[in-house]
Amino acid sequence: MSVLLAVEDISKGFPGVQALRDVTFQVEVGTIHAIMGENGAGKSTLMQVIAGALRPDTGRLIFDGNQLQLSGTRDAASKGISIVFQELMLAPNMTVSENIFLGAEPRIAGVMVDRTAQRARAQAALARMGIDIDPDIRLGELTIAQQQLIEICKSLVHEPRLLILDEPTSSLSEADSLVLFRVVHDLKASGVTILYISHRMREVFDNCDYVTVLRDGRHVKTTRLSETDPEEVVRLMVGRDLAGVQRIRPSHDGKPVMLSVRGLSDGKRYNDISFDLRAGEIVGVAGLIGAGRSEMALGIFGAPAAPRGEIVLEGKPVRIRKPGDAMRLGIGLVPEDRKQQGLVLGMSVGSNLSLAAMGLGRLSNANFVKPIAEGRMIDGYVDRFRIKTPSVDQLVGLLSGGNQQKVVLAKWLAAKPRVLIVDEPTRGVDVTTKAEIYALMRELARDGLAILVISSDLPEVLTISDRILVMRSGRLAGEIAFDDASEERIMALAALEHADGPPHPAPATYGEAEARS
Amino acid sequence: MSASGKAAPAPAQKSFLGRMLRSRETGIISALAIMVIGLSFFAPDFASPNNMLNDARNFSFVGIVVLGQAMVMITGGIDLSVGSVWGLAAVSSAAFMNIGFGAIPSCILALLISAAIGLFNGLCVTKLRMPPFVPTLATMSIARALALVITRGHSIDGFLPDDSIFFNLGGGATFGLPNPFIVFVVLSVIAGLALSRTVYGRQLYAIGGNERAARLTGLEVDRLKISVYVISAVTAGIAGIIEVSYLSSAISNQGLGKELSVIAAAVIGGTALTGGEGTILGVFVGAVILEVLRNGLVLLGTDAYWQGVFVGSVIVLAVFIDQLRKGFWRTR
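Each chain has its residues counted from 1, running along the sequence as written. Chains carry letters and ligands carry numbers; both start at the beginning, A for chains and 1 for ligands, and go up in the order they are written. Whole-chain, interface and lining totals are the exception, using all residues; otherwise, since this is a predicted model, local features are given only for residues with pLDDT of at least 70 and side-chain atom pairs are given and counted only at 80 or more.

**Student:** So what's going on with the overall build of chain B? Residues and values would help.
**Tutor:** Helices and strands together make up the secondary structure of chain B, namely 16 helices and two strands. Taken over the C-alpha trace, chain B has a radius of gyration of 21 Å; the compact-globule value for 332 residues is 20 Å, and the two agree within 12%. Its C-alpha atoms give chain B principal-axis dimensions of roughly 70 × 55 × 35 Å. In chain B, buried positions account for 49% of the 332 residues. With C-beta atoms placed from the backbone, a contact is any residue pair whose C-beta atoms sit within 7 Å. In chain B, 78% of the contacts between residues at least 6 apart in sequence involve partners at least 24 apart. The numbering of helices and of strands both runs from the N terminus, where a helix is a DSSP run of H or I of at least 4 residues and a strand a run of E of at least 2. Our radius of gyration is a C-alpha quantity, and the globule rule it is checked against amounts to 2.2 Å times the number of residues to the power 0.38. Exposed residues have 12 or fewer other C-beta atoms within 10 Å of their own C-beta, buried residues have 20 or more, and residues in between are partly exposed; the C-beta atoms are placed from the backbone.

**Student:** So what's going on with the overall build of chain A? Which residues, and what values?
**Tutor:** Per the secondary structure count, chain A includes 18 helices and 24 strands. Once the C-alpha set of chain A is aligned to its principal axes, its extents read approximately 70 × 50 × 50 Å. In chain A, which comprises 517 residues, the share counted as buried stands at 49%. Pairs at least 24 residues apart make up 69% of the contacts formed inside chain A by residues separated by at least 6 positions.

**Student:** Talk me through the sheet that holds strand β24 (residues 475-480) of chain A; I want residue IDs and the actual numbers.
**Tutor:** All names here are of chain A. Overall, mixed pairing links the six strands, which are arranged β18-β21-β22-β15-β23-β24 in an open sheet. Every other strand in the sheet has two partners, leaving β18 (331-334) and β24 as the edge strands with one partner each. Each adjacent strand pair in this sheet contributes to an overall mean axis angle of 20 degrees, direction not counted. Sheet topology places strand β15 (residues 282-287) next to strand β22 (residues 450-454); four bridges connect them, and they run parallel. Opposite Ile282, over in β22, you have Ile451 as the bridge partner. A pair of strands counts as paired when DSSP detects no fewer than two bridges linking them. As a rule, the C-alpha atoms of each element are fitted with a line to give its axis, helices using only the stretch in contact, and angles between N-to-C directions run from 0 to 180 degrees.

**Student:** Which residues make up the UniProt feature "transmembrane region" (unreviewed entry) in chain B, and what are the values?
**Tutor:** Residues and elements named next belong to chain B. UniProt positions are given in the numbering used here, feature names are shortened, and annotations may be inferred rather than shown by experiment. Under the local residue numbering, the UniProt record ascribes the feature "transmembrane region" (unreviewed entry) to residues 27-47, 59-82, 94-120, 165-195, 226-248, 260-293 and 305-324. Segment residues 226-248 splits into 96% helix and 0% strand. End C-alpha atoms: 33 Å apart. For residues 305-324, the end-to-end C-alpha separation is 31 Å, with 90% helix and 0% strand making up the annotated structure.

**Student:** Tell me about the sheet that holds strand β16 (residues 308-313) of chain A, residues and numbers included.
**Tutor:** Residues and elements named next belong to chain A. With antiparallel pairing, four strands are arranged side by side in an open sheet as β14-β13-β16-β17. The sheet is open, and its two borders are formed by β14 (273-278) and β17 (316-318), each paired with just one other strand. Strand-to-strand twist of the sheet, defined as the mean angle between neighbouring strand axes without regard to direction, takes the value 20 degrees. Two strands pair when backbone bridges link them, and β16 and β17 are joined in this way by three bridges, in the antiparallel orientation. Paired with Val312 across the strands is Pro317, a residue of β17. Seen against the sheet, helix α9 (residues 293-301) touches β13 (257-265), β14 and β16 and runs at an angle of roughly 110 degrees to β13.

**Student:** How would you sum up the nonpolar core? Please name residues and give values.
**Tutor:** Any set of buried Ala, Val, Leu, Ile, Met, Phe, Trp, Tyr and Cys residues joined through C-beta atoms within 7 Å is what this text calls a nonpolar core. In this structure, Ile164(A), Ile490(A), Val66(B), Ala89(B) and Ala265(B) are the most contacted members of the largest nonpolar core, which totals 242 residues. Element by element, the count of residues in this core is highest for helix α13 (residues 221-247) of chain B, at 14 residues.

**Student:** Before we move on, could you go through helix α13 (residues 371-384) of chain A and cite the residues and values that matter?
**Tutor:** Residue and element names in this part refer to chain A. A helix's residues, less one, multiplied by 1.5 Å, set its expected span. End to end, α13 covers 20 Å across 14 residues, agreeing with the expected 20 Å (1.5 Å per residue, within 8%). Taken together, the buried positions of α13 are occupied by Glu374, Met377, Ile378, Tyr381 and Val382. One face of α13 carries all of its buried residues, which in axial projection span an arc of 130 degrees. Residues Ile372, Arg376 and Asp383 are exposed on α13 and point more than 90 degrees away from its buried face. Each element contacted by the buried residues of α13 is listed here: α12 (349-359), β20 (368-369) and α14 (401-413). Within this analysis, the arc is defined by the directions that extend from the helix axis to the C-beta atoms.

**Student:** Got a sec to walk through the domain arrangement of chain A? Specific residues and values, please.
**Tutor:** In this document the domain limits rely on a domain assignment from an automatic tool or a database. Domain annotation of chain A identifies domain 1 (3-238), domain 2 (243-330 + 417-517) and domain 3 (342-414). Relative to domain 3 of chain A, the C-alpha centre of domain 1 of chain A lies at a distance of 36 Å.

What follows is the structure, given as structure tokens:
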């Protein structure tokens, strides 16, 4: 095998932080090469250096035998290196074909967009990737998974030899990820080399050939995945053995039912949802992206309220019209997207943390904030959750993803709920913080909190849940008891009737394969 | 990202000097101080007590309205109708007095009319989900037209309320300070406390920072937003009434174009048009700077036609400096 890219002694510093120190490794032609490391390990910085978005302070990049001098991502793209960023960089108001050729439109006489050619070429590009999507459809009408594929399609316009994928599956469910991997494997077969950043261990072991582990900006190891195992990779990433989070058998017989949901429907995205949640119980909700899990949770929380169905709290039917009602009844919701829905990024850690409790009239007297009580409460949670922040006055937007997630959790716990719904508790959070968040949730359940966890991360649902509800196309497909729980059972329930569902890029074979295995 | 959190020097942030330098107000207060010192030097008339008191009266009208505007802008909105509401409140208070109502009932009625317009703006923004620009642009036109309907283009000046207290409000002075200035200071203190010390204020910042998150945190977003439009309209009404009291007459184009001065003062004072940022101290100083600049240019004998160029430049400069401060003091 020959080397496509050699990274030699790359260092990159930002004011106050050395992001990369003397990173050296090689990427072989035609392989899928995973880059792993905790948040802040320097993965993204390294990828941006390789893709020309950042200039290294020292070191060289040797691409295909020649030293690279990149002036920007455009330059890198013209030399055969494309990057797909974690956040989608697409315009939802434009069509699929317009998005694919954004900035690289085929032209007539240099000024007018050649729409016919653009459309034909987009169709060809989609067909090459084996995706059945109408190039004239508006991008905003596609699912997130489909948009992710369009993003990859867009990066392929420049016919890259090296494609960098920065956490492409972080907002995809397992089944949607399979489609993405099929495309990635096709690309590999056609000779494209892929650098793949992910936090999902299993995904990496199932699909990649090599892994490079970074820690604190340093290169730790590059190895064939066949010569290592997940435990070793975690150890390399964290720099120590991580106390694995064990499954714990539930023992909540005789604990009272805290929340009962009966026949909850909005008529569109979720229908006839009924379940019970006991005090001290952690119930997982699994399912594909778009199965209606988050919408159902928001329906319980009154944002917006479900038009039909009954919610019973500790035996009493309650009426929840808006989030304020749910909060007064002791229901909290940690939303899926912490930046869009969970936090006010321009406000301090402290103000974010006390916002929910304050809305309930706590920490204030005749509407005047009690600064001492507030400060004490905030410090208490920062200590207990080990939130890493230079001060409570720091803007929450400047914290790392894991610490932001802890702030959202703390904000809701400060409101002293009896029922807590947590949507994607650890999305984009590194392994150490993940373990901390799981431990916290366990501790809270032990103290009697009823917790409903929505997660697209199968190992997470399995680890944390006492039992698992599975949703499919807006309905409860089934419930899996603690002893019967396995990834196969979940996927079988989540994806069984997949092909009958709304238009979706996943070919039926994947759903069936999952169901059979 | 996580690294930047660790790297920031925690102890330095706590020090008084550090906080002073980081504060957005320090910049504009120093700018004001430089302007005042410079003007006192180059235009000796500027520092005369008479001129100073006159300035204090002049910036108070716009200043009072900026308080409400700042609250609207903190929630991420904007209120373009304040100049017209100012005019409508002015002529309606005068018209009520003209037909024999007492001073106090007339003022209350004029403020209620203002509040109604604010309520209309608020309802359009929240219940009808209109971008704030639209309903406030509409009421800017509507309120100005209503003022014209009331006056029919003439001035109202024959009114004589039962006592002279009304004229004292705008024209008089207490402890040597002009009454409008005292009203401005009192309202500023109230607004400042409301924004910095109350749950209400905290919630306004949260809405401006991230409305979706605020909604999902159970805040009564609609009610809070309506309240700021009502407050903004009422502050415009107060300014209009005090101006009538000062001028002893009312015409339909009072407050014409003032929405621009008000928004300019708010922006100079560090209020973000995108919401979530701004302080009362900042907009107070912003209003003062705007008037000192205008007055200073006159005293320095600048061509009046050029004034707008200076005011515009100051707006851009103030925002530019604010961006620099953010870029410099916040590690990214």
